[in-house]
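Here is what each chain is made of, one letter per residue.
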Amino acid sequence: LNRRLAEFGTTIFAEMSALALRTGSVNLGQGFPDTDGPEEVREAAVRALRDGRGNQYPPGPGVPELRTAVAAHQKRRYGLTVDPDTEVLVTAGATEAIAAALLALVEPGDEVIALEPYYDSYAACIAMAGGARVPVTLRPREGRFRLDLDELRDAVTDRTRLLLLNTPHNPTGTVLTRGELAAIAELAVERDLLVVTDEVYEHLVFDGAEHLPLSTFPGMRDRTVTISSAGKTFSFTGWKVGWVTAAPELVTAVRSAKQFLTYVSAGPFQYAVAEALALPESYFTGFRADMLAKRDVLAAGLEEAGLTVYRPSGTYFVTADIRPLGESDGIAFCRSLPERAGVVAIPTAVFYDHRELGAPFVRFAFCKQRSVLEEASRRLKAAV
Ligand code: PMP
Ligand code: GLN
């Protein structure tokens, strides 16, 4: 393994999912739903396969039906006008979009600012692009992990090329507010930064929180690469269909990298996701309401087991503080939890450069059936 990747090893998700299988634990670690997405969308994939749509290399930018559906979604939901021919790129999940964007936009030695704790692929992709990561820490205060705008401002140097944002934020569940996003946009304009913004949880916001795409803020339209994915919104994480929307020049750049990573993404699923994006509003509100109910089941269960819970305003993850249990090391806690309680969770520390700041936090996924969340809560209450 080369020096750029040597620090990364196996992803925490693979490690913890293997541990869940080995110990027969309830797996609240890796974020994937335990029920599949809508029947009619699965049928659309079967139809595409059967009709021979997408069984050979689809077009490099993605099939026109999906690019058009992505543009229509951006218009309907956010009032954003996106040209399906020049401003949309279909990718192999958001994971490839992140990799391709960083490989395309970062010069070796450039600094890339990411909000810490960050989704694990960010650090690896910054490294693969030869960039230097500069973490800005979200700090828990008054029930929420918050961005300190002064800290963000101070992190920008003459070497800063790009901000890598994520809202709604995995793992903390924070949704950046209009004020925070406006300040980020102002900073990006002032310091002439590009922003790659990972908005895969755009449809999962709760309690009146609103997801606002950064690209809708003044001066951001032409400097923002927006990323989303069907894995989260439609509960098809195995399909690996994601997309990028950005100004033509940026889409062309990301596509230059993508063409040598995967060339194209799986064809039949693209036709199915095009239909998914056109589902009526009731699908999206129903999905959100279902996840909100699940959040509340798990949050209550964790509280009953004695943990301090940060109730997320977005995503399908809840972060809990284990210190009330007399524990302080989330990594050790998560390693012993499967044997001790039959539950798997993710130690948030692995998403930090400043590991000590994340030490007492543990992430639980609640995109699971209610009975599974209740079982996990019972086990935790009995054992911790
Ligand atoms: N970004 C974030 C913040 C995520 O949580 C995930 C999935 N867990 C991804 C990107 C990757 O998405 P995909 O499965 O579409 O590659
Ligand atoms: N994004 C999911 C999570 O945060 C897992 C994706 C993966 O396994 N790479 O849990």
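The chain carries the name Pyridoxal phosphate-dependent aminotransferase in an unreviewed UniProt entry, which gives Streptomyces pimonensis as its organism. Entered under Cofactor (unreviewed entry) in the UniProt record, the comment concerning the chain runs "pyridoxal 5'-phosphate".

Asker: How should the overall build of the chain be read in this particular structure?
Answerer: Scanning the chain from terminus to terminus reveals 14 helices and 15 strands. Relative to its length of 384 residues, the chain is compact, with a C-alpha radius of gyration of 20 Å against a globular reference of 21 Å. When its C-alpha atoms are laid out on the principal axes, the chain stretches across 55 × 55 × 45 Å. Scored against the burial criterion, the 384 residues of the chain give a buried share of 51%. In the chain, the proportion of contacts linking residues at least 24 apart, taken out of those at least 6 apart, comes to 73%.

Asker: What am I meant to see in the site of ligand 2 here?
Answerer: Lining the immediate surroundings of ligand 2 are Thr11, Phe13, Gln30, Gly31 and Asn170. Grouping the amino acids of the shell around ligand 2 by side-chain chemistry returns 1 nonpolar, 4 polar and no charged.

Asker: Looking at this structure, how should I read the confidence of the model for the chain?
Answerer: A low pLDDT means the predicted coordinates there should not be read in detail. Here the chain averages 97 in pLDDT, while 100% of its residues score no lower than 70. Scoring the predicted complex yields pTM 0.97 and, for the interface, ipTM 0.97.

Asker: Which parts of the structure should I look at to understand the site of ligand 1?
Answerer: The environment of ligand 1 is made up of 13 residues, and the closest members are Gly93, Ala94, Thr95, Ser229 and Gly231. It is helix H4 (residues 93–105) that provides the largest number of residues to the shell around ligand 1, a total of 3 residues. Taken together, the residues of the shell around ligand 1 break down into 3 nonpolar, 9 polar and 1 charged.

Asker: So what exactly am I meant to see when it comes to the environment of Leu165 here?
Answerer: Along the chain, the position of Leu165 falls in strand S7 (residues 160–166). Along the primary structure Leu165 and Tyr271 are separated by 106 residues, whereas in three dimensions their C-alpha atoms are 29 Å apart. For Leu165, the contacting residues outside a window of four places in its chain are Leu115, Ile184, Val195, Thr197, Asp198 and Leu214.

Asker: In this structure, what is going on with the sheet that holds strand S14 (residues 346–347)? I would like to understand it.
Answerer: The pairing of strands in a sheet happens through backbone hydrogen bonds and is either parallel or antiparallel. Taken in spatial order, the 4 strands make up an open sheet running S11-S12-S15-S14, and their pairing is antiparallel. Two strands lie at the open edges of the sheet, namely strand S11 (308–310) and S14, each paired on one side alone. The pairing of S11 with strand S12 (residues 317–321) spans 3 bridges and is antiparallel. The partner of Thr308 across the bridge, within S12, is Asp321. Across the sheet, helix H11 (residues 281–304) is in contact with S11, S12 and strand S15 (361–365); its angle to S12 comes to roughly 15 degrees.

Asker: Would you take a moment to explain the nonpolar core for this structure?
Answerer: Core analysis: the largest hydrophobic core is formed by 120 residues, its most contacted members being Ala101, Leu102, Val244 and Phe364. The element contributing the most residues to this core is H4, with 9 residues. Mapping this core onto the domain boundaries places at least three of its residues in each of domain 1 (12–30 + 282–383) and domain 2 (39–277). Setting aside its immediate chain neighbours within four residues, Phe364 contacts Leu28, Leu298, Leu302, Phe317, Val318, Ala320 and Ala345.

Asker: Is there a simple way to think about the pairing of strand S9 (residues 224–229) in this case?
Answerer: Two faces make up the sheet, and in a regular strand the side chains alternate between them. Buried residues dominate S9, accounting for 6 of its 6 residues. Neither face of S9 is left uncovered, since the one carrying Thr224, Thr226 and Ser228 and the one carrying Val225, Ile227 and Ser229 both have all their residues buried. As paired strands, strand S8 (residues 194–198) and S9 are joined by 4 bridges and run parallel to one another. Considered in S9, the bridge of Asp198 is made with Ile227. Across 4 bridges, S9 lies against strand S10 (residues 242–245) in antiparallel orientation. Counted as the bridge partner of Ser228 is Trp243 from S10.

Asker: Could you clarify how one ought to interpret the domain arrangement of the chain in this entry?
Answerer: Accessible area lost upon the coming together of the parts is a frequently used measure of interface size. If you check the domain split of the chain, you get domain 1 (12–30 + 282–383) and domain 2 (39–277). For domain 1 versus domain 2, the separation of C-alpha centres amounts to 25 Å. Among the elements of the structure, H11, S12 and helix H13 (355–358) are those that each provide at least two residues to the side of domain 1 that touches domain 2. The greatest single-element share of the side of domain 1 that touches domain 2, amounting to 6 residues, is contributed by H11. Per-class residue counts for the side of domain 1 that touches domain 2 are 14 nonpolar, 7 polar and 4 charged.

Asker: Can you help me understand helix H7 (residues 178–190) in this one?
Answerer: Given 3.6 residues per helical turn, the α-helix brings residues three or four places apart onto the same face. Relative to the 18 Å expected for 13 residues at 1.5 Å per residue, H7 spans 18 Å between its end C-alpha atoms, a close match to the ideal helical length. Among the residues of H7, Leu181, Ile184, Ala185 and Ala188 are the ones counted as buried. Buried residues along H7 cover an arc of 100 degrees about the axis, so they all sit on one side. Of the residues in H7, the exposed ones pointing more than 90 degrees away from the buried face are Gly179 and Glu190. Contact partners of the buried residues in H7: S7 and S8.

Rules behind the numbers
Residues numbered from 1 in each chain as written. Chains lettered and ligands numbered in written order. Predicted model: local features only at pLDDT ≥ 70, side-chain atom pairs only at ≥ 80, totals over all residues. UniProt positions renumbered as here; feature names shortened; annotations may be inferred. Helix = DSSP H or I, 4+ residues; strand = E, 2+ residues; numbered from the N terminus. Rg over C-alpha atoms; globule rule 2.2 N^0.38 Å. Buried ≥ 20, exposed ≤ 12 C-beta atoms within 10 Å, placed from the backbone. Contact = placed C-beta atoms within 7 Å. Near = placed C-beta within 6 Å. Nonpolar A, V, L, I, M, F, W, Y, C, P; charged D, E, K, R; others polar. pLDDT = per-residue confidence, 0-100. Pairing = 2+ DSSP bridges. Axes fitted to C-alpha atoms, helices over the stretch in contact; angles between N-to-C directions. Core = buried A, V, L, I, M, F, W, Y, C linked by C-beta atoms within 7 Å. Domains from an automatic or database assignment. Expected span 1.5 Å × (residues − 1). Arc of directions from axis to C-beta.

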